[in-house]
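One-letter residues, chain by chain:
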Amino acid sequence: MGFKCGIIGLPNVGKSSLFNALVGLQKAASENYPFCTIEPNIGKVPIPDDRLVKLSKINKSKVTINAQMEFVDIAGLVKGASKGEGLGNKFLSNIREVDAIAHVVRCFEDKNVSHVHSAIDPEYDIEIIESELLLADIERTEKILEKLNKLIKVGKYEYKEERDLFLKVLNDLKSDNTYDQMDYTSKDLYTINKSGILSFKPVMYVANLDEGSLNSKNIYNKKLIELSKIKKIPLVNISAKIEEELSSIKDLQEKKELMKSMDISRSSLDKFISSGFKLLNLVTFFTSGEKETKAWTIQKESYAPDAAGKIHTDFKKGFIAADVISYDKLLNLGGEKEAKLSGSIRTEGKDYVVQDGDVILFKFNV
Ligand SMILES: Nc1nc2c(ncn2[C@@H]2O[C@H](COP(=O)(O)OP(=O)(O)O)[C@@H](O)[C@H]2O)c(=O)[nH]1
Ligand SMILES: [Mg+2]
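Undergrad: Looking at this model, I keep getting lost on the pattern of salt bridges. Mind explaining?
TA: One pass over the structure, following the stated rule, counts 12 salt bridges. Here Asp 306 makes a salt bridge to Lys 316, at a shortest N to O gap of 2.8 Å. Here Asp 306, found in helix α11 (residues 304–311), pairs with Lys 316, found in helix α12 (residues 313–317); they are 10 residues apart in sequence, far enough to count as distant. Owing to a relative accessible area of 31%, Asp 306 belongs among the partly exposed residues under this scheme.

This is the structure we're talking about:
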């Protein structure tokens, strides 16, 4: 199971440029992932993590392997998509499959690249996309309610709770997209997202900026910053075009020089990937030894056997215990040997909830 982040937005805003930049990273990393196939609209990219590098160094591992996340390039949504306009239904069903959404918003000017609504206007662009998702969701929720009501009518009262949940969802969808996710428990959100409702998925805005505006924010960007604050939606600034160019350059020196000439210190792709990762509500744990140091991801609040199952199903089936130490503690002590000698490694059982940054050695029976 992979964690997927879908890239959505109007046509010609830079989705594919961003996606190509991510695929560039994937190609660069693919020597570490011999089983990694490249699909046309799915990119698997390594999640950057400074801790992994340090951990690998301290334990003198031969190989270092990042956790991965999947990105999906979803073709442009247009006005009327919820009514099937421009292959709308197909695009909407692609969005249903993702765990989080990166909404790319055009903030660059370029006379050679047409804008579907002739003028660049982040607020209006966002409204179009969000209202298409909303309209599709209202229709879907009404259908779900119809089905649940039928079941209740024939005496299946156990569906009442779910019906009430979707009544609340419908009410929130209709009251102009101002619902507060805090009103819902994580179990509610799980049920809602599983039902194919789009508006409740975790989302971030991605401002695609001019080459020249990356450091000095332009008016479109300023507007978007304001909007993201009001809506409490995280925002990442990138220049998809620059990132696409940078990720295609293999020579590190050449890359550095190009970045210097454009006055950028760090690729914004890392920040984009990290933000996407945060949205997915995951934690990272590590396995580390002389052979390799590896980062793994798992849903927050997961138990130790589930973490073991990420590595191998046998690890979960035959789970006995987990030897655990936090990354910070291990690094402070100076390495695995020192941690063992000082008795700092805890043994945890099957009820242990894995914490972000845990370094774990699983014990199991096969
Ligand atoms: N000037 C400029 N052009 C860009 C930028 N990002 C994308 N483009 C161009 O805009 C056009 C559409 O980009 P694309 O990524 O295909 O958009 P999509 O339809 O959202 O997938 C392409 O010609 C890109 O080269 C940017 O930051 N600056
Ligand atoms: Mg495209």
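Undergrad: How should I be thinking about empty space enclosed by the protein in this particular structure?
TA: Evaluated as defined, the whole model comprises one cavity of 30 Å³ or more. Each pocket or cavity is described by its volume, and for the largest cavity that value is around 40 Å³. The wall of the largest cavity is formed by Ile 47, Asp 49, Leu 52, Asn 66, Ala 67, Phe 277, Thr 284, Ala 295 and Thr 297. Across the lining of the largest cavity, the residue classes tally to five nonpolar, three polar and one charged.

Undergrad: Teacher, can you tell me more about the sheet that holds strand β1 (residues 4–8) here?
TA: Pairing between the strands of a sheet comes from backbone hydrogen bonds, and it takes one of two forms, parallel or antiparallel. With respect to topology, six strands assemble into an open sheet ordered β2-β4-β1-β5-β6-β7, the strand pairing being mixed. Of all strands in the sheet, those with a lone pairing partner are β2 (42–46) and β7 (235–238), marking the two edges. Between one strand and the next, the sheet's axes are offset by a mean angle of 25°, whatever the strand orientation. Bridging between β1 and strand β4 (residues 68–73) involves four bridges; their strand directions are parallel. When the sheet's bridge partners are listed, Lys 4 is paired in β4 with Glu 70. Packing against the sheet, helix α10 (residues 269–279) makes contact with β2, β4, β5 (100–107), β6 (203–209) and β7, and its axis sits at approximately 165° to β6.

Undergrad: Please clarify how the nonpolar core should be interpreted in this entry.
TA: One broad trend across soluble globular proteins is that nonpolar side chains are buried collectively. Leu 18, Leu 22, Phe 71, Leu 77, Ile 95 and Phe 272 are the most contacted members of the largest nonpolar core, which totals 55 residues. The residue makeup of this core includes at least three contributed by each of domain 1 (4–279) and domain 2 (301–364). With sequence-adjacent residues up to four places away left out, Ile 95 is seen in contact with Ile 8, Ile 74, Leu 77, Ile 101, Leu 133, Leu 198 and Lys 201.

Undergrad: Help me understand the site of ligand 1, please; the structure alone is not making it clear to me.
TA: The full set close to ligand 1 counts 16 residues, and Asn 12, Lys 15, Ser 16, Ser 17 and Asp 110 are the nearest of them. Between Val 13 and ligand 1, the recorded distance is 3.1 Å, taken from a backbone N or O atom to an oxygen atom. Lys 15 places a side-chain nitrogen or oxygen 2.7 Å from an oxygen atom of ligand 1. For ligand 1, the protein covers 79% of the area, taking 580 Å² as the surface of the free molecule. Contributions of two or more residues to the shell around ligand 1 are made by α1 (15–29) and β6. If one sorts the elements of the shell around ligand 1 by residue count, α1 sits on top with three residues. Residues belonging to the shell around ligand 1 are distributed by class as follows: six nonpolar, six polar and four charged.

Undergrad: Honestly, the domain arrangement of the protein in this entry has me stumped. Any pointers?
TA: Split into domains, the protein comes out as domain 1 (4–279) and domain 2 (301–364). Look at where the C-alpha atoms of domain 1 and domain 2 centre, and you get two points 32 Å apart. With five residues of domain 1 at the interface, the matching set in domain 2 holds nine residues. Sorting the residues of domain 1 by area buried against domain 2 places Arg 51, Leu 55 and Ile 58 first, and these three jointly supply 72% of that buried surface. Taken together, the connections running from domain 1 to domain 2 amount to one salt bridge. The residue Asp 356 makes a salt bridge to Arg 51 at a minimum N-O spacing of 3.2 Å. Connecting domain 1 to domain 2 are two residue pairs in polar contact (both at pLDDT 80 or more).

Undergrad: Explanation requested: the packing of aromatic side chains in the structure shown.
TA: The geometry of an aromatic ring pair comes down to the distance between the two centres and the angle between the two planes. For the structure on display, the rule yields seven aromatic pairs. On the basis of an interplanar angle of 25° and a centroid distance of 4.0 Å, the ring pair of Phe 315 and Phe 364 is categorised as stacked. Note that Phe 315 is positioned in helix α12 and Phe 364 in strand β12 (residues 358–364), a separation of 49 residues in sequence. The exposure class assigned to Phe 364 is partly exposed, which follows from its relative accessible area of 30%. Of the aromatic side chains, those joined through ring pairs into one cluster are Phe 285, Trp 296, Phe 319 and Phe 362. One cation-aromatic arrangement involves Arg 106 over Phe 108; the distance from NZ or CZ to the ring centre is 4.2 Å.

Undergrad: Can you walk me through helix α2 (residues 50–58) in this structure?
TA: An α-helix turns once every 3.6 residues. As a result, residues three or four positions apart point the same way. Listing the buried residues of α2 in full gives Leu 52, Leu 55 and Ser 56. The buried residues of α2 occupy an angular sector of 100° when projected down its axis, which confines them to one face. Opposite its buried face, α2 presents the exposed residues Asp 50, Val 53 and Lys 57, each directed more than 90 degrees away. Looking at the buried positions of α2, the neighbouring elements they touch are β3 (63–65), β8 (282–288), β9 (292–299), α13 (327–333) and β12. In this structure Asp 49 caps α2, since a side-chain oxygen of it lies 3.0 Å from the backbone nitrogen of Arg 51.

Rules behind the numbers
Residues numbered from 1 in each chain as written. Chains lettered and ligands numbered in written order. Predicted model: local features only at pLDDT ≥ 70, side-chain atom pairs only at ≥ 80, totals over all residues. Heavy atoms only, no water. Salt bridge = Lys/Arg side-chain N within 4 Å of Asp/Glu carboxyl O. Helix = DSSP H or I, 4+ residues; strand = E, 2+ residues; numbered from the N terminus. Buried < 20%, exposed > 50% of the residue type's maximum accessible area, 1.4 Å probe, protein only. 1 Å grid on protein atoms, 1.4 Å probe; cavity = no way out; pocket = protein on both sides within 12 Å on 5 of 7 lines; lining within 4 Å. Points joined across faces, edges and corners; volume = space filled by probe spheres on them. Nonpolar A, V, L, I, M, F, W, Y, C, P; charged D, E, K, R; others polar. Pairing = 2+ DSSP bridges. Axes fitted to C-alpha atoms, helices over the stretch in contact; angles between N-to-C directions. Contact = heavy atoms within 4.5 Å. Core = buried A, V, L, I, M, F, W, Y, C linked by side-chain atoms within 4.5 Å. Domains from an automatic or database assignment. Near = heavy atom within 4 Å. Polar contact = N/O pair within 3.5 Å; in protein donor to acceptor, adjacent residues only side chain to side chain. Areas by Shrake-Rupley, 256 points an atom, 1.4 Å probe, with all protein chains shown as cover. Buried area = accessible area lost by both parts, 1.4 Å probe. Phe/Tyr/Trp six-rings, centres within 6.5 Å; stacked < 30°, edge-to-face > 60°. Lys NZ or Arg CZ within 6 Å of the ring centre and 35° of its normal. Arc of directions from axis to C-beta.

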